[in-house]
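Coordinate inspection notes
Listed below are the residues making up each chain.
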Amino acid sequence: QVQLVESGGGLVQPGGSLRLSCAASGSIGSIYAMAWYRQAPGQQRELVARLTNGGNTVYADFVKGRFTISRDNAKSTVNLQMNSLKPEDTAVYYCNAMWVGPVIYFWGQGTQVTVSS
């Protein structure tokens, strides 16, 4: 089992920045990749960014050049640096871990990000 706890959400003005963090605990040795997803009201959950153990990254087109996913192995955390935020970035952001052996996806509880003036 893997436990994920997100932090860092909040209210920010358009053009501002936020940094989300996700702390992983439990059987983290079998995590292959970690990712951030988001879900806006009335919308489906969508991938924001993904980082594998090998350092490969995938970004959704709508965040390329603005968001950066990174990992701090010493702290077993994955971060999402969000710059140039837009009102349409408003959503609940969820941390996700892909665990292998068998393949299981774990989710955090989510953190609210609101971009508004």
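Before any of the text, the structure's been laid out above.
Taken as a whole and judged by the stated rule, the model has three aromatic pairs. Where Tyr 94 meets Trp 107, the ring centres are 6.5 Å apart and the plane angle is 85°; that geometry is what we call edge-to-face. One end of the pair, Tyr 94, is in strand β9 (residues 91-99); the other, Trp 107, is in strand β10 (residues 104-107), and 13 residues separate them in sequence. Judged by centre distance (6.4 Å) and plane angle (90°), the rings of Trp 99 and Phe 106 are edge-to-face. In this pair, the class of Trp 99 matches that of Phe 106, namely buried. Of the aromatic side chains, those joined through ring pairs into one cluster are Tyr 37, Tyr 94 and Trp 107. The aromatic ring of Tyr 94 is capped on one face by Arg 45, whose charged end is 3.7 Å from the ring centroid.

Okay, the sheet that holds strand β1 (residues 2-7) next. Taken in spatial order, the four strands line up as β1-β3-β8-β7 in an open sheet, and their pairing is antiparallel. Either end of the sheet is taken by a strand with one partner, and the two such strands are β1 and β7 (67-72). Along the sheet, successive strands turn relative to each other by an average axial angle of 20°, direction set aside. Note that β7 and strand β8 (residues 77-82) share six bridges and pair antiparallel. By the bridge assignment, Arg 71 is partnered in β8 with Val 78.

Cut-off values and rules
Think of each chain on its own: its residues are numbered from 1, step by step along the sequence as written. In view of the model being predicted, local features appear only for residues whose pLDDT reaches at least 70, and side-chain atom pairs are presented and counted only at 80 or more, with totals across whole chains, interfaces and linings using the full set of residues. Side-chain metrics rest on all non-hydrogen atoms present in the structure, leaving aside hydrogens and water. In this scheme Phe, Tyr and Trp rings, the latter by its six-membered ring, pair at centre separations within 6.5 Å, and the angle between planes marks the pair as stacked below 30 degrees, edge-to-face above 60, and tilted otherwise. Here a strand is any run of E in DSSP of at least two residues, a helix any run of H or I of at least four, and the numbering for each starts at the N terminus. Accessibility here uses a 1.4 Å probe with only protein chains present; expressed as a share of the type maximum, an area under 20% marks a residue as buried, one over 50% as exposed, and anything in between as partly exposed. Charge-over-ring placement is defined geometrically: NZ (Lys) or CZ (Arg) within 6 Å of the ring centre, and within 35 degrees of the ring normal. Note on pairing: DSSP must find at least two bridges between two strands before they are called paired. The axes used here are C-alpha line fits, helices contributing only the stretch in contact, and every angle between their N-to-C directions lies in the interval 0 to 180 degrees.

No statement about biological role is implied by the geometric values presented.
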